[in-house]
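Each chain is listed here by its residues.
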Amino acid sequence: MTEPSPAERYAAARADRAHPQTRAFADAQRFTLDDFQIAGCHALEDGRSVLVAAPTGAGKTIVGEFAVHLAMQTPNQKAFYTTPIKALSNQKFRELQDVYGEDEVGLLTGDTNINGGARVLVMTTEVLRNMLYADSPALRGLRYVVMDEVHYLADRFRGAVWEEVIIHLPADVRLVSLSATVSNAEEFGDWLDTVRGDTEVIVSETRPVPLEQHVLVRGDLLPLFDDRAGVATAQVNQELMRIRGGQAFAANSAYFDGRRKGGGGRRPKPGFKRPGPPRRLERIDRPEVVHLLERSNLLPAIFFIFSRAGCEGAVQQVRRSGLRLTTAEERAEIRAVVASRTGALPDEDLAALGYWEWVENLERGVAAHHAGLLPAFKEVVEELFQRKLVKVVFATETLALGINMPARTVVLEKLEKFNGEARVAITSGEYTQLTGRAGRRGIDVEGHAVVQWTEGMDPQAVAALASRRTYPLNSSFRPTYNMAVNLIDQFGRARARQILESSFAQFQADRAVVGLARQVKDAEESLAGYAKAMTCEHGDFTEYSAIRRDLSDLEKLNRKDAGASRGTREQRQREIGGLRRRMQRHPCHRCPDREQHARWAERYWKLRRQTDKTRRQIENRTGTVARVFDRIIEVLTALDYVRLDGDEATLTEAGRRMRRIYGERDLLVAESLRTGIWKNLDAASLAALACCLVYEPRGNDGGADPRSLPRGAFRLALSETEDLWARLDDLEQDHRLPGSEPVATGLAAAMHMWARGALLDSVLVEADMAAGDFVRWAKQTIDLLDQLSLVAEGELARTARRALDAVRRGVVAYSSV
């Protein structure tokens, strides 16, 4: 690293004097801040909002923590720190408590409410959205909002919430947006500047720890690139290309032999000597890979395996091999951490959770990490890995999101995953996110990414995947019923449309329209040139060429559609005859330059068709979000949630109730409450029915055997809810809205059992799912029941509260904070 020049040192000193808060904050850190971190802090100290896009592990959260620091320097100012998932919120809550103390930091995650009046609040993004719509008193004094992992707004299920928050935050709140490296950060920054005011965009492509890329072939770790100086200029390792060539020869050789045996193909020339068979490229098993990494001093490592069963199977493989990666002292420390973090779990549930085998694997230094794990177990794995006690984690890609679990090495067993419908190749953005875990700042000189060789692998394709940084951030924003009633209530219909047109979704569509409009403008100039070139002194050649084109199209149709009825063909023949007569009578038909004009006319009509298509694209993209909003208002008006008076819209009592119903099923829940179809349910049955509304089955397992469903009032309420869903779905389709998925009953029986006090092992057998999955759906059920307890009336509200208490017990009630 070169020494700064005197001029650069002077500029840095001047910036320090202008930003005393940044200087004091930086001096308090354990490491020297990078340039992009200092630039982000300077922007905040200057009173601007900031977007920081940087690789995983680069330390962009420092800028968010500086925003909290600034708020704490001024009495009565507040800072909110939002994250996309509860685990991240819990982690950040503990970190900020360590800095500012328990009294100053609170946590709000839907099912957890700790110190809600604190000046520093950590929360999931949905909680802040709900606070904004409810005009919560907690918003008073809010000065800074940090949105960690803001690229999550591309998520098609939850992404819209991020845009709602960004649009609705009070104008004087400074926004700190922290994003992974995306290819259109400047575009996103331009939108933030439009809706939030002065926003600094800071992009860093530099990894804090350099990344070495390897391919594991048999038992050898081969460099992916020949040039270790950098990926951008590096060439693919030629040894990998030779291995690839050997496999290709083997395939061709087998084909040649097959042709010979079948009597086909050419005979080799005299003297031809077939090369020997290529070396077999058998994959070494996982324990051997772990042992190889241990010998090479490349642990701790994360193996990304894109299936839960694969993760659990990998742990069992290592266990059966007898491999142990820990010392006696480390095993004692592991047992102590496990005991302190899981002591609150009921003893009767431990066997159902596979607790003892899980602890034994941890003591070996090996663990799995995926969404099916109990949250308590995942937190233990994360803590042990951070403390270097667990050395190998087999994880699904969910680990790549935000959780602070850096490793020395990341191993990718395959470069494809199952997306719910088919096996697809991972994208360069996903590759960057996964390998971003490799290299621990302040510990490792370099990180290591290892791709295991598979049959048919193309090293050039792997190199391209590792070299590209194309991960565009695209909006997933779409209006919802809840959003519509809240906007109308606060702003009225006209202003609500304007707000929706300020979304990032519309911003991106409008930018695309600008490019399309430019294409139309260029095409119109070309069309004018073509029209001039085909000008004919005998008459209007545009008209004449249109007749020729219609005639040609009709003749082609007649030739293709040979199976048409006799009447249809006779009708077409009459039309063809009429067009021929019109063409022959046209003045331009006698022009000696007719065919030369016709060549220009052909170009004219081809470009005209393309231009008309582009114009239709512009019409479809302009005001798209507002059009969907109008359709939603039509549905709400038909159901009497909204009443229209000209351009003005007002909410009915039902509409005002819907303001506090959040989620994918907002309309179905609101209609079920209004029609009273759930009023006769007891607590366990209401819990089961609420579960039907939040549960999203994997694949085709959404429907339960009707005989296993709870009897009595539940079945009647379920039938009426399904009928109601069908009517609402028809209504949405009539108004050109996409509708929703049918009610999913697959988990209803298990949730009913759990709410009635059944043991965990029998509930998991009935649910046929992992404990972590059941807990996740139980918590979403609790969230809906909590909403029902607040918006329902009379006995149903009390039943919802009893149902909530019945579900929130045992492993479901466990919280690490």
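Shown above is the structure to which this text applies.
Residues numbered from 1 in each chain as written. Predicted model: local features only at pLDDT ≥ 70, side-chain atom pairs only at ≥ 80, totals over all residues. Heavy atoms only, no water.

### A look at the overall build of the chain
Part 1 of the reasoning: Helices and strands together make up the secondary structure of the chain, namely 33 helices and 19 strands.
Part 2 of the reasoning: Taking all 817 residues of the chain together, the buried fraction comes to 50%.
Part 3 of the reasoning: In the chain, once contacts between residues fewer than 6 apart in sequence are set aside, the share between residues at least 24 apart is 74%.
Part 4 of the reasoning: Carbon and sulfur atoms provide 48% of the accessible area of the chain, an area that totals close to 39200 Å². (Helix = DSSP H or I, 4+ residues; strand = E, 2+ residues; numbered from the N terminus. Buried < 20%, exposed > 50% of the residue type's maximum accessible area, 1.4 Å probe, protein only. Contact = heavy atoms within 4.5 Å. Areas by Shrake-Rupley, 256 points an atom, 1.4 Å probe, with all protein chains shown as cover.)

### Observations regarding the packing of helix H11 (residues 308–321) against helix H14 (residues 355–364)
To describe two helices that pack against each other, one gives the angle between their axes and the distance between the axes.
Part 1 of the reasoning: The geometry of H11 relative to H14 is characterised by a closest axis approach of 11 Å and an angle of 65 degrees between their N-to-C directions. Taken as axis vectors, H11 and H14 run roughly perpendicular relative to one another. Between H11 and H14 lies a crossing of left-handed hand. Listed contacts from H14 to Val315, Gln316 and Arg319 of H11 are Glu357, Glu360, Asn361 and Arg364.
Part 2 of the reasoning: In the contact of H11 with H14, the residues fall into one nonpolar, two polar and four charged. (Axes fitted to C-alpha atoms, helices over the stretch in contact; angles between N-to-C directions. Parallel < 35°, antiparallel > 145°, perpendicular 65-115°, else oblique. Left-handed = near helix turned anticlockwise from the far one by under 90°. Nonpolar A, V, L, I, M, F, W, Y, C, P; charged D, E, K, R; others polar.)

### Some points on the pattern of salt bridges
Part 1 of the reasoning: Tallying each qualifying case throughout the model produces 35 salt bridges.
Part 2 of the reasoning: The salt bridge partner of glutamate 383 is arginine 341, with a shortest N-O separation of 2.1 Å. With glutamate 383 in helix H15 (residues 375–386) and arginine 341 in helix H12 (residues 328–342), the pair connects residues that are 42 residues apart, well separated along the chain.
Part 3 of the reasoning: Taking relative accessible area as the criterion, arginine 341 reaches 19% and is therefore assigned buried. (Salt bridge = Lys/Arg side-chain N within 4 Å of Asp/Glu carboxyl O.)

### Regarding the layout of surface pockets
Part 1 of the reasoning: Roughly 1500 Å³ of volume is contained in the second largest pocket.
Part 2 of the reasoning: Looking at the second largest pocket, it is lined by 45 residues, and the ones nearest its centre are Arg30, Thr61, Glu65, Glu95 and Asn404.
Part 3 of the reasoning: Counting only elements with at least two residues in the lining of the second largest pocket, the list comes to helix H4 (61–72), strand S2 (78–83), helix H5 (86–100) and H15. (1 Å grid on protein atoms, 1.4 Å probe; cavity = no way out; pocket = protein on both sides within 12 Å on 5 of 7 lines; lining within 4 Å. Points joined across faces, edges and corners; volume = space filled by probe spheres on them.)

### Regarding helix H17 (residues 459–467)
Part 1 of the reasoning: When H17 is considered as a whole, its buried residues turn out to be Pro459, Val462, Ala463, Leu465 and Ala466. Buried residues of H17 fall within an arc of 160 degrees about the axis and therefore sit on the same side.
Part 2 of the reasoning: Capping of H17 at its N-terminal end is provided by aspartate 458; its side-chain oxygen lies 3.0 Å from the backbone amide nitrogen of glutamine 460. (Arc of directions from axis to C-beta. Polar contact = N/O pair within 3.5 Å; in protein donor to acceptor, adjacent residues only side chain to side chain.)

### Notes on the packing of aromatic side chains
Part 1 of the reasoning: The full count for this structure, using the stated rule, is 16 aromatic pairs.
Part 2 of the reasoning: For the pair tyrosine 355 and tryptophan 358, a centre-to-centre distance of 6.0 Å together with 50 degrees between the ring planes defines the contact as tilted. Taken together, the residues span about one helical turn, with tyrosine 355 and tryptophan 358 both in helix H14 at a distance of three residues. Of the two residues examined, tyrosine 355 and tryptophan 358, each falls in the buried class.
Part 3 of the reasoning: Seen from their ring centres, tyrosine 695 and tryptophan 777 are 5.3 Å apart, and the 85 degrees between their planes marks the pair as edge-to-face. A residue pair is termed long-range when its members are at least 10 positions apart, and tyrosine 695 in the loop between helix H27 (683–694) and helix H28 (713–734) and tryptophan 777 in helix H31 (residues 771–791) qualify at 82 residues. (Phe/Tyr/Trp six-rings, centres within 6.5 Å; stacked < 30°, edge-to-face > 60°.)

### Points about the nonpolar core
Part 1 of the reasoning: By size, the foremost hydrophobic cluster in this structure holds 179 residues, and its most contacted members are Phe188, Leu362, Leu636, Trp678 and Leu747.
Part 2 of the reasoning: Looking at this core, the element that brings in the most residues is H27, giving eleven residues.
Part 3 of the reasoning: Of all hydrophobic cores here, the second largest spans 32 residues; its members include Phe36, Leu44, Met72 and Leu107. (Core = buried A, V, L, I, M, F, W, Y, C linked by side-chain atoms within 4.5 Å.)

### Description of the side chain of lysine 60
Part 1 of the reasoning: Structurally, the position occupied by lysine 60 is in the loop between strand S1 (49–53) and H4.
Part 2 of the reasoning: Although lysine 60 lies buried, it forms no salt bridge, and the closest oppositely charged side chain, glutamate 149, sits 5.6 Å away as judged by the N-O distance.
Part 3 of the reasoning: Polar side-chain contacts of lysine 60 include one of 3.1 Å to the backbone oxygen of alanine 54.
Part 4 of the reasoning: Dropping the residues within four chain positions of it, lysine 60 is found in contact with Phe36, Val52, Ala54, Pro55, Leu178, Ser179 and Ala180. (Lys, Arg positive; Asp, Glu negative; His and termini not counted.)

### Focus on the state of the cysteines
Part 1 of the reasoning: As enumerated under the stated definition, the model contains zero disulfides in all.
Part 2 of the reasoning: A disulfide-free cysteine, cysteine 536 has its sulfur positioned 3.6 Å from the sulfur of cysteine 591, the nearest such atom.
Part 3 of the reasoning: In this structure cysteine 691 is a free cysteine whose sulfur lies 6.0 Å from that of cysteine 692, the closest cysteine sulfur available. (Disulfide = S-S within 2.5 Å.)

### Quick look at unusual backbone geometry
Part 1 of the reasoning: Following leucine 299, the chain continues to proline 300 via a peptide bond in cis, the omega torsion being 5 degrees.
Part 2 of the reasoning: Structurally, proline 300 is set in the loop between helix H10 (286–295) and strand S11 (301–304).
Part 3 of the reasoning: The backbone of asparagine 76 shows a phi angle near 75 degrees, a positive value even though the residue is not glycine.
Part 4 of the reasoning: Along the polypeptide, asparagine 76 turns up in the loop between H4 and S2.
Part 5 of the reasoning: Asparagine 76 sits in the exposed class, given a relative accessible area of 66%.
Part 6 of the reasoning: In this model, aspartate 640 sits at a positive phi of 65 degrees, which is unusual for a non-glycine residue.
Part 7 of the reasoning: Counting through the fold element by element, aspartate 640 comes out in the loop between helix H24 (624–638) and strand S18 (642–645).

### So, the packing of helix H26 (residues 666–675) against H28
Part 1 of the reasoning: For the pair H26 and H28, interaxial distance at closest approach is 10 Å and the crossing angle is 125 degrees. As summarised for this structure, H26 and H28 are arranged oblique, according to the angle between their axes. When the axes of H26 and H28 are compared, the crossing they make is right-handed. Residues Leu667, Leu668, Glu671, Ser672 and Thr675 of H26 lie in contact with H28, whose contacting residues are Thr721, Leu724, Trp725, Leu728 and Glu732.

### Overview of the pairing of strand S6 (residues 142–147)
Part 1 of the reasoning: Of all six residues in S6, five are buried; the element is thus mostly enclosed.
Part 2 of the reasoning: Here five bridges tie S2 to S6, and the two strands are oriented parallel to one another. The residue bridging threonine 82 from the neighbouring strand is methionine 147, located in S6.
Part 3 of the reasoning: On the question of chirality, the crossover connecting S6 to the parallel strand S7 (residues 174–179) by way of helix H7 (residues 160–168) is right-handed. (Pairing = 2+ DSSP bridges. Right-handed = clockwise from strand over helix to strand, strands pointing away.)

### As for the environment of tryptophan 678
Part 1 of the reasoning: Here tryptophan 678 shows up in the loop between H26 and H27.
Part 2 of the reasoning: A relative accessible area of 2% means that tryptophan 678 is categorised as buried.
Part 3 of the reasoning: With 38 residues separating them in the primary sequence, tryptophan 678 and leucine 716 have C-alpha atoms 9.2 Å apart.
Part 4 of the reasoning: Not counting residues within four places of it along the chain, the set of residues in contact with tryptophan 678 comprises Val669, Ser672, Leu673, Leu686, Leu689, Leu693, Ala717, Thr721, Leu788 and Leu796.

### Focus on a positive patch on the surface
Part 1 of the reasoning: Taken together, Lys556, Arg559, Lys560, Lys606 and Arg609 make up a surface patch of like positive charges.
Part 2 of the reasoning: Looking at the positive patch, the elements with two or more residues in it are helix H21 (541–560) and helix H23 (594–621).
Part 3 of the reasoning: In terms of residues, the positive patch owes the most to one element, H21, which gives three residues.
Part 4 of the reasoning: Examined against the element boundaries, arginine 559 turns out to sit in helix H21. (Patch = residues over 30% accessible without salt bridge, like charges linked within 9 Å, V, L, I, M, F, W, Y side chains within 5 Å. Charge placed at Lys NZ, Arg CZ, Asp CG, Glu CD.)

### Quick word on the environment of aspartate 734
Part 1 of the reasoning: Summarising the element assignment, aspartate 734 is placed in helix H28.
Part 2 of the reasoning: Overall, aspartate 734 belongs to the exposed group, its relative accessible area being 62%.
Part 3 of the reasoning: Through-space distance from the C-alpha of aspartate 734 to that of arginine 631 is 9.8 Å; in sequence the pair is 103 residues apart.

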